[in-house]
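Architecture at a glance
If you want the building blocks of each chain, they are given just below.
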Amino acid sequence: MNIKLIAIGKTDSKPLQILIDEYTKRLSFYIKFDLEIIPDIKNVKNLSEAQQKQKEGELILSKISPTDYLVLLDENGKEFSSMGFSEELQKRMNTGIKTLVFVIGGPYGFSESVYASAKGKISLSRMTFSHQMIRLFIIEQIYRGFTILKNEPYHHQ
Ligand SMILES: C[S@@+](CC[C@H](N)C(=O)[O-])C[C@H]1O[C@@H](n2cnc3c(N)ncnc32)[C@H](O)[C@@H]1O
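To keep things clear, this report deals only with the structure shown in the data block. Note that the coordinates shown come from a computational prediction; the quantities given were computed from them, not determined experimentally.

Across all of its chains, the model carries nine aromatic pairs by this definition. Between Phe 129 and Phe 137, the ring centres sit 5.3 Å apart and the planes meet at 80°, which makes this aromatic pair edge-to-face. Look at Phe 129 and you get partly exposed, because its relative accessible area is 33%. According to the relative accessible area criterion, Phe 137 is partly exposed, its value standing at 31%. Linked through ring pairs, Tyr 23, Phe 29, Tyr 30, Tyr 143, Phe 146 and Tyr 154 together constitute an aromatic cluster. A cation over a ring is seen here: Arg 26 above Tyr 23, with NZ or CZ 4.7 Å from the ring centre.

Listed below in structure tokens is the structure:
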């Protein structure tokens, strides 16, 4: 299995990008991992929230292939402990899927068509984080998940 994370818009903050790069590098030791950034939509000021979500949704779905297992990052999704999330990663690997795709929504979340295409939704907390910060948090949790599965000390430090 390989893992892909899809997000919208480049990371504005350099310190955040440094951490994303660091955890991407660490995670790539365990599994093939790609972070795919969809460029920001142009002239977004002329669009309503619904139009922006719709356009972002079309772009997101254009990156998904029928064999992908799509999971959305969503504050109303299912919550896991880090141990539970590592078990979920193991379950997905056991089912033989080729690509597990996580998607982070834009500033207003996801369009209905993206929700309809997803196999699941996971929440990292009931609180709302910026769509840029969530990148780091989910990459760190996937990395943590693999260190748990490999019985390595990172989770216990
Ligand atoms: C600023 S939030 C959008 C909030 C928006 N009210 C909504 O309905 O989703 C942007 C994106 O960050 C991600 N996100 C923010 N907080 C999250 C959380 N607690 N758990 C999982 N994903 C989160 C989601 O992918 C969301 O679409």
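After that view of the structure, there is still more to cover.
Let's shift gears to a nonpolar patch on the surface. On the surface, a cluster of nonpolar side chains totalling about 440 Å² of accessible area is made up of Leu 124, Met 127, Phe 129, Met 133 and Phe 137. Along the chain, the position of Met 133 falls in helix α5 (residues 133-149).

Moving on, we come to the environment of Gly 77. Turning to its location among the elements, Gly 77 is positioned in strand β3 (residues 69-79). When its relative accessible area of 9% is taken as the criterion, Gly 77 is described as buried. The spatial distance from the C-alpha of Gly 77 to the C-alpha of Arg 126 is 8.8 Å, given a sequence separation of 49 residues. If sequence neighbours within four positions are ignored, Gly 77 has contacts with Lys 121, Ile 122, Ser 123 and Arg 126.

Criteria and cut-off values
Residues numbered from 1 in each chain as written. Predicted model: local features only at pLDDT ≥ 70, side-chain atom pairs only at ≥ 80, totals over all residues. Heavy atoms only, no water. Phe/Tyr/Trp six-rings, centres within 6.5 Å; stacked < 30°, edge-to-face > 60°. Buried < 20%, exposed > 50% of the residue type's maximum accessible area, 1.4 Å probe, protein only. Lys NZ or Arg CZ within 6 Å of the ring centre and 35° of its normal. Patch = residues over 30% accessible without salt bridge, like charges linked within 9 Å, V, L, I, M, F, W, Y side chains within 5 Å. Areas by Shrake-Rupley, 256 points an atom, 1.4 Å probe, with all protein chains shown as cover. Salt bridge = Lys/Arg side-chain N within 4 Å of Asp/Glu carboxyl O. Helix = DSSP H or I, 4+ residues; strand = E, 2+ residues; numbered from the N terminus. Contact = heavy atoms within 4.5 Å.

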